[in-house]
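# An overview of the molecular structure
As a plain string of letters, each chain reads:
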Amino acid sequence: MADLAPQLRRSAHADFQADGVLAAARTLRRNPRQVAAEVVAGLPDDGLVASAVVAGPGFVNLDLTDRALLAQLIRRLGDDRLGVGTPETGVTTVIDYSQPNIAKEMHVGHLRSTIIGDALVRILEHLGGTVVRRNHIGDWGTQFGMLIQYQVEHPEPAPDDTGTMGRLATLYRLARAEFDTDSAFADRARRRVVALQAGDAGTVAAWRNIVAESTRYFTDVYDRLGVRLTDADTVGESAYNAALPAIADELERRGVAVTSDGALCVFFDDLRGPDGEPSPLIVRKRDGGFGYAATDLAALRQRVAELHADRLLYVVDARQARHFRMVFDTARRAGWLPATVPAVHVAFGTVLGPDGRPFKTRAGDTVRLVDLLTEAVDRAREVVAAKNPGLTGAALDERAWQVGIGAVKYADLATNRTRDYLYDPQRMLALAGNTGVYLQYAHARVRSILARADGGHTTVDVTATLEPAERALILDLDAFADTLAEVVAGHEPHRLCGYLYRLAQTFTTFYEHSPVLRATGPQRANRLALCHLTGDTLRTGLHLLGIPTPDHL
Ligand code: ARG
C-alpha cells in the first residue's frame with residue numbers, strides 16, 4: 001500500500017492522496033486535472049481501490065477496499081518483521097555518541113547524546129545495517145597533568161563519599177583549585193603533561209588508572225540506562241595521538257592548512273568571528289600541541305579509510321555545529337571524506353530546567369546524570385505502586401526501573417532533537433499524554449486483552465466489512481516501515497515516537513468503538529488480529545527506542 005508509490009500520502013480526505021500527477025502534468029505541459037482524470041479512468045479493476053476521485057489542482061484521492069485492507073492485515077500478521085525491510089544491508093554507519101569526559105561526571109548533555117545515539121543504532125541495525133559505535137570519550141588533554149601531579153603530591157586517597165566518580169570528581173576539584181592558586185604547582189603539572197606525552201612509564205600508568213576508574217563508572221551508568229555501549233566501543237581521543245603529526249603534515253602538504261601566527265590553521269571564506277576576522281580551525285597550536293580538532297580529523301580519516309564507513313554520524317550538542325562544519329569541510333578538502341560518504345552532525349538542543357534556563361541543581365551546578373535517573377526511578381516507583389498495591393520488593397523495583405528509565409528516554413526522544421526541551425519529571429511520568437508511560441500502558445493493555453481472549457486471532461476473514469475505526473487502525477499499522485525510513489532519512493527518532501503515540505490513540509478509539517472481547521465470529525477474530533498486530537508494533541517500536549515493554553503496568 002503506502003510502499004507501492006512514493007508520492008502516495010495518507011490523507012484526511014481519503015485513505016491516501018496521490019500528488020504525483022502535478023509534477024507529471026508540468027513535464028507533459030498539460031492540465032493536471034485532466035491528467036488526473038485519465039489516471040483515475042485507467043486504474044485497473046483489481047479489487048484494491050474502492051474509489052478514486054480527482055481533487056484540488058490535480059490530486060487523486062484514493063479509498064481502498066475493505067478486502068484489500070484485510071489482505072494487508074494478513075500479510076503483516078504473517079511477517080515477524082512487521083513489513084519492515086532491510087534497506088540498510090551492506091551500509092556501514094560509524095556513529096559517535098555519548099562521549100563523556102574522564103574524571104568528570106556525566107550530565108544531562110551526555111544523556112541526550114547517549115539516548116539519541118542508542119536509538120539510531122538500534123534502528124539502523126534493525127534495518128539490516130552494520131553499525132560501528134564509537135564512544136569518543138575525553139581521555140586526553142592538559143588536565144591530566146594536574147590530576148596526576150596532585151595525586152603524586154597527595155598520595156592518600158581523596159575523600160570518597162559518593163562512589164567511584166565521587167573520588168575522581170573531588171580529585172579534579174582539588175587539583176584545579178591548586179592549579180589556579182599555586183603557580184609552582186601549575187608548572188609541575190605542566191611538566192607532568194610533557195612526561196605523559198613523552199610516554200613516561202609511571203605517569204602513563206597513573207593516567208591509565210584514572211581512565212579505567214572512569215570507564216567503570218560510565219559502564220555502570222550505561223547498564224542503568226539499558227544502553228548497549230561496551231568497552232569495545234570506547235575509542236577515546238587518546239587513541240588518535242600517534243596519527244596527529246601525519247594529519248598536520250598532510251594538511252600542510254596539500255595546502256589545506258597554513259601557518260598563521262605560529263599555529264597551523266585551516267581558513268574558511270564564510271566563517272568569521274564577531275570582529276569580522278577569519279576564524280580558523282586550529283589543527284596544531286602555537287606550542288606544537290594538538291587539540292580537539294586534530295583528534296576529530298584523525299578519527300574521521302580512520303573511520304572512512306579503515307572502518308569503511310558509508311555514513312558518519314556525530315550525536316553532539318548543537319553548540320558544536322561550527323566545529324563539525326569546519327572538520328567536515330577540512331576533511332573533504334583533504335580528500336579524506338569522499339563525496340559519496342555523508343558526514344552528519346546529529347545536533348541536539350539543551351535540556352532546560354523548570355525556569356526555562358539550562359537545567360541546573362538548586363545550587364547552580366550541572367545535574368549529575370545518575371541523580372536524575374535515580375529521581376526518575378523513585379518517582380516511577382510511586383506511580384507504579386499506586387496502580388499496583390500488590391507489587392513489592394524486587395518486582396516493584398524492576399517495574400519502577402522500566403517505567404522510570406522509559407519515561408526519561410521517551411521525553412528526550414519525543415521532541416524534535418534540535419529543539420531545547422523542559423525537563424519535567426512530573427509530566428514525563430503522566431499516564432495520559434505523549435509519554436513513555438502512556439505507551440507502555442497502551443502496550444500492556446493490548447497484552448491483557450489478548451490474554452483474556454485466550455488466543456484464536458489467526459484466522460482473519462477477508463470478506464468482513466470494516467468499521468471506520470478498524471480501517472484507521474489497519475492504515476496506521478501499515479505505516480510502520482515508512483516511519484522507520486523517515487527516522488533514518490533525517491536521523492530523527494522523534495518521528496517514531498510520534499508514530500507510536502498516534503498508533504496508541506488510534507487503538508484507543510478502535511477499542512472504544514469496536515468491542516473486541518464481546519464481539520463474536522469473524523468480527524472477533526479480525527479485531528483480535530488487530531490487537532495482536534498493534535501489540536507487536538508497539539513493542540517493536542518501543543524497543544527500537546530503547547524503552548522496555550512490561551506486559552503489565
Ligand atoms: N567529549 C565531548 C564533550 O563532552 C564531546 C565529544 C563529541 N565527539 C566528537 N567526536 N567530537 O563535549
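Keep in mind it's a predicted model, so treat the numbers as computed, not measured.

For the protein, the count of helices and strands is 19 helices and 13 strands. Across its three principal axes, the protein shows a C-alpha extent of roughly 85 × 70 × 40 Å. By residue count, 51% of the 553 residues in the protein fall in the buried class. A fraction of 73% describes how many contacts in the protein between residues 6 or more apart in sequence connect residues 24 or more apart. Charge-centre separation for the protein: the mean point of 62 positive side chains lies 2 Å from the mean point of 68 negative side chains.

With that out of the way, let us pick up the pairing of strand S8 (residues 263–266). Regular strands place their side chains on alternate faces of the sheet. Alternating residues of S8 divide into Ala-263 and Cys-265 and Leu-264 and Val-266, and every residue in both groups is buried. Judged from the three bridges that link them, strand S7 (residues 258–260) and S8 form a sheet pairing that is antiparallel. Paired with Ser-260 across the bridge in S8 is Ala-263. Linking two consecutive strands that pair antiparallel, namely S7 and S8, is a turn of two residues; a positive phi of about 60° is found at Asp-261 within it.

Here we take up helix H12 (residues 369–387). A rise of 1.5 Å per residue sets the reference length of H12, with its 19 residues, at 27 Å; its end C-alpha atoms lie 27 Å apart and thus fit the reference within 8%. Listed as buried for H12 are Leu-369, Val-370, Leu-372, Leu-373, Ala-376, Val-377, Ala-380 and Val-384. Summarising the axial view, the buried residues of H12 lie within an arc of 150°, below the 170-degree limit, and thus occupy one face. Opposite the buried face of H12, by more than 90 degrees, sit the exposed residues Glu-382 and Ala-386. Packing partners of the buried residues in H12 comprise helix H4 (108–126), helix H8 (201–225) and helix H13 (393–414).

Let us now look at the site of the ligand. As a structural note, the neighbourhood of the ligand is formed by Asp-96, Gln-99, Asn-101, His-110, His-136, Tyr-292, Asp-296, Tyr-314, Val-316, Gln-320 and Phe-324. In this structure, a nitrogen atom belonging to the ligand sits 2.7 Å away from a side-chain N or O atom of Tyr-292. A distance of 3.4 Å separates an oxygen atom of the ligand from a polar atom in the side chain of Gln-320. Burial of the ligand by the surrounding chains reaches 87%, relative to a free accessible area of 350 Å². If you list the elements that add at least two residues to the shell around the ligand, you get helix H10 (292–305) and strand S10 (311–317). Of the residues contributing to the shell around the ligand, the split by class is four nonpolar, five polar and two charged.

Positioned with a positive phi, Ser-98 is a non-glycine residue whose angle comes to about 75°. Within the secondary structure, Ser-98 is located in the loop between strand S5 (92–96) and H4. The phi dihedral of His-308 is positive, around 55°, even though this residue is not glycine. Among the structural elements, His-308 can be located in the loop between H10 and S10.

Pairing is parallel across the open sheet formed by four strands, whose spatial order is S6-S5-S10-S11. The open sheet terminates on both sides in strands that have one partner only, identified here as strand S6 (130–134) and strand S11 (343–348). For this sheet the average axis-to-axis angle between neighbouring strands, irrespective of direction, equals 20°. Relative to S11, S10 runs parallel, the two being bridged by six bridges. Looking across to S11, one finds that Tyr-314 is bridged to His-345. Sitting on the sheet, helix H11 (residues 321–334) is in contact with S10 and S11, with an inclination near 175° to S11.

Thresholds applied
Residues numbered from 1 in each chain as written. Predicted model: local features only at pLDDT ≥ 70, side-chain atom pairs only at ≥ 80, totals over all residues. Heavy atoms only, no water. Helix = DSSP H or I, 4+ residues; strand = E, 2+ residues; numbered from the N terminus. Buried < 20%, exposed > 50% of the residue type's maximum accessible area, 1.4 Å probe, protein only. Contact = heavy atoms within 4.5 Å. Lys, Arg positive; Asp, Glu negative; His and termini not counted. Charge placed at Lys NZ, Arg CZ, Asp CG, Glu CD. Pairing = 2+ DSSP bridges. Expected span 1.5 Å × (residues − 1). Arc of directions from axis to C-beta. Near = heavy atom within 4 Å. Polar contact = N/O pair within 3.5 Å; in protein donor to acceptor, adjacent residues only side chain to side chain. Areas by Shrake-Rupley, 256 points an atom, 1.4 Å probe, with all protein chains shown as cover. Nonpolar A, V, L, I, M, F, W, Y, C, P; charged D, E, K, R; others polar. Axes fitted to C-alpha atoms, helices over the stretch in contact; angles between N-to-C directions.

These results come straight from atomic positions and should not be treated as a statement about function.
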